Structure formats: structure tokens, C-alpha cells
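The residues making up each chain are set out below.
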Amino acid sequence: FTLKRSQLKNLERMGEKSSENLIDALKQAKENVTLSKLMTALGIPNVGEVAAQKIAQAVGSLDYFLKIDFNSNNYDESDEKFEKLEAIHGVGPKMTRAIRIFFEDPKNRQVVQKLVKAGLNPKAVTPEQSKGPLGGKIFCITGTLSKSREEIKQDILNAGGQYANTVGKNVAFLVAGDNVGEAKLKKADKYNTKIISEEELYQMLSHS
């Protein structure tokens, strides 16, 4: 995210147009990244995509963590903030402790602050957005589809749904394309997850 166009000009096979496309893509990523996606990418132990989405909606912004003074002898504020996370359904004490340990580490905080300084503007999904057509339901995607998995995932999130990498007991729908893996189908059967096509997903969106 700190990459400059001038740093690319001498690289092999990196012409002016390629450099421009890369810088533009990084700019778009900085402006459009969601808080939940950033929290997942940070690699905080035990924090998966679904939990990150719930936490991001609850806290609203990175400032929730970055403004905690962990060096202070008074932990009342931080205790209250992490107790709020612990109360979120599906989060609990183990995950909350992992988040606290992560943000207490000065090196981790420095990395996050450096990202913000570089122009990263992580946004949380608002409660209004979470009440969209998909109403907070959790989706998983598998197989080959007409659009990229990332595009479909974003459509789900924009419509108020949530996304999980794997099928679990809380996943309501498995969007299945071609060449579907047997493992995910078996998990869908185990957890009574409804299997739908890409077309059915977009019908859910268009009819809402």
C-alpha cells in the first residue's frame, strides 16, 4: 500500500499502463476494504470471517481498538470494550482474549497504524446494511461460477448477508456452481445447509 509508481518504472515487463493499473487497484483496495476483511487478513487467532463481520458491525471502526491505552494502569475502559465483544453471539472469551492479545502487542498496533497512515480506510457494515435482502444469513460458496468468488461474496455482504469459508452449523446456504467438492456437499447435508445455485442466489436478491 505504500508502493509508488516511480518504484515500478524499472521493473521488467512493468510498463506505464501496467504500473497505472496496479496503483489504481491498490487505491481502490485502500478505499473499499471493509473492517471485517482487514480483521481477517490481520491473522488474529480464532477470528474467522463470520466472527470478524459481527465484531466489525459492533465496534464500527479500527479506532475502537487503536484508541485503547494499554500502557495505562487503569484498564476499566479496555475491560468494558472487550466485555462488549465477549457478549456477541459466536465470539466468546477465547476469541476476545486473542483480539486483546493482538492489539496489546506494540508491533501489531504499529502495523495497523502504518496501514491507516498509508491510506487504508476500513469501513464497517452498518446495522441498516445488515438488514438488507439477505437479512444476516450466512452463505458459503463452492464450485465454478459465472463471476469470481470475491464478486459474489461482495454481493452477499452488500445485501446484508454474511460469508463463511467453510460450511458449519450456522451456515444457512451453500451457493454451488460446477465441479463442486464432495466434502462441502457432505457438510451441507450434515448441518442441514440448503444448497442453492448462483441463479437462485440472485433471485433472492432481485425478489427482495
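Note: the structure precedes this text.
1. Regarding the overall build of the protein
Thought 1: Counting secondary structure elements, the protein contains eleven helices and four strands.
Thought 2: Once the C-alpha set of the protein is aligned to its principal axes, its extents read approximately 50 × 50 × 30 Å.
Thought 3: Counting only residues that meet the buried cut, the protein has 38% of its 208 residues in that class.
Thought 4: Counting contacts in the protein only where the partners sit at least 6 residues apart, residues at least 24 apart contribute 64% of the total.
Thought 5: Total accessible area on the protein stands at roughly 12,500 Å², and carbon and sulfur atoms take up 48% of it.

2. Looking at the nonpolar core
Thought 1: Ranked by internal contacts, the top residues of the largest apolar core, which has 30 residues, are I44, I55, F65, L85, I99 and F103.
Thought 2: Elements supplying a minimum of two residues to this core: α2 (35-41), α3 (49-59), α4 (63-66), α5 (76-86), α6 (92-104) and α7 (106-117).
Thought 3: Excluding its chain neighbours within four sequence positions, the residues that come into contact with F103 are I44, L62, F65, F70, R109 and V112.
Thought 4: Counting residues in hydrophobic clusters, the runner-up holds 14 residues, among them I156, A159, I196 and L201.

3. Quick notes on the sheet that holds strand β2 (residues 162-163)
Thought 1: Strand order across the open sheet formed by four strands is β2-β1-β3-β4, with parallel pairing between neighbours. Each edge of the open sheet is held by one strand with a lone partner, namely β2 and β4 (194-196).

4. So, the pairing of strand β1 (residues 138-142)
Thought 1: In terms of burial, β1 is largely enclosed, as five of its five residues are buried.
Thought 2: In β1, alternate side chains face the same way, and those of I138, C140 and T142 on one face and F139 and I141 on the other are all buried.
Thought 3: Summarising the sheet, β1 and β2 pair through two bridges and their orientation is parallel. Note that in β2 the partner of F139 across the bridge is Y163.
Thought 4: For the segment spanning β1, helix α9 (residues 149-158) and β2, crossover handedness is right-handed.
Thought 5: Pairing between β1 and strand β3 (residues 173-176): four bridges, direction parallel. The residue of β3 that forms the bridge with I141 is V175.

5. Some points on the side chain of E198
Thought 1: Mapped onto the secondary structure, E198 falls in helix α11 (residues 198-206).
Thought 2: Buried charge without a salt bridge: E198, with K147 as the nearest opposite-charge side chain at an N-O distance of 6.0 Å.
Thought 3: Setting aside its immediate chain neighbours within four residues, E198 contacts L145, S146, K147, I152, V175 and A176.

6. Some details on the side chain of T193
Thought 1: Along the chain, T193 turns up in the loop between α10 (182-190) and β4.
Thought 2: Classification of T193 as buried rests on a relative accessible area of 7%.
Thought 3: Looking at T193, its side chain comes within polar contact range of the main-chain oxygen of V171, at 2.9 Å.
Thought 4: In this structure T193 touches V167, G168, V171, A172, F173, L174 and A188, once residues within four positions along its chain are discounted.

7. Thoughts on the environment of S61
Thought 1: Assignment of secondary structure puts S61 in the loop between α3 and α4.
Thought 2: With 102 residues separating them along the chain, S61 and Y163 place their C-alpha atoms 20 Å apart.

8. Some words on the packing of α9 against α11
Thought 1: Direction vectors running N to C along α9 and α11 enclose 25 degrees, while the axes themselves pass 11 Å from each other. Overall, the two elements α9 and α11 adopt an arrangement that is roughly parallel. Handedness of the α9/α11 crossing: left-handed. Along the contact surface, α9 presents I152, D155 and I156, while α11 presents E198, L201 and Y202.

Conventions we followed
- Counting from 1, residues in each chain are numbered in the order their sequence is written.
- The predicted nature of this model means local features are confined to residues of pLDDT at least 70 and side-chain atom pairs, given and counted, to a pLDDT of 80 or more, with totals for whole chains, interfaces and linings taken over all residues.
- In computing side-chain properties, one takes all heavy atoms of the structure into account and sets aside hydrogens as well as water.
- Here a strand is any run of E in DSSP of at least two residues, a helix any run of H or I of at least four, and the numbering for each starts at the N terminus.
- Relative accessibility thresholds used throughout: buried, under 20% of the residue-type maximum; exposed, over 50%; partly exposed, between the two (1.4 Å probe, protein chains only).
- Should any heavy atoms of two residues lie within 4.5 Å, those residues are considered in contact.
- Using a 1.4 Å probe, accessible areas were evaluated by the Shrake-Rupley method; residue-level cover was limited to the displayed protein chains.
- Side-chain atoms within 4.5 Å are what join buried Ala, Val, Leu, Ile, Met, Phe, Trp, Tyr and Cys residues into a set we call a nonpolar core.
- By this definition, two strands are paired if DSSP reports at least two bridges between them.
- Handedness is read with the strands pointing away from the viewer; a crossover is right-handed when the path from the first strand over the helix to the second is clockwise.
- When charges are counted, Lys and Arg are positive and Asp and Glu negative, with His and the chain ends excluded.
- A side-chain nitrogen of Lys or Arg and a carboxyl oxygen of Asp or Glu constitute a salt bridge if their distance falls within 4 Å.
- Side-chain atoms alone can form a polar contact between residues adjacent in sequence; in general such a contact is a pair of N or O atoms within 3.5 Å, and within protein one must be able to donate a hydrogen while the other accepts it.
- The axes are straight lines fitted to the C-alpha atoms, using for helices just the contacting stretch, and the angles between their N-to-C directions are given from 0 to 180°.
- Any angle from 65 to 115 degrees is called roughly perpendicular, while one under 35 is roughly parallel, one over 145 is roughly antiparallel, and all others are oblique.
- If you view the pair so one helix is near and one far, a crossing is left-handed when the near helix is turned anticlockwise from the far one by less than a right angle, and right-handed when it is turned clockwise.

Keep in mind these numbers describe shape, not what the thing actually does.
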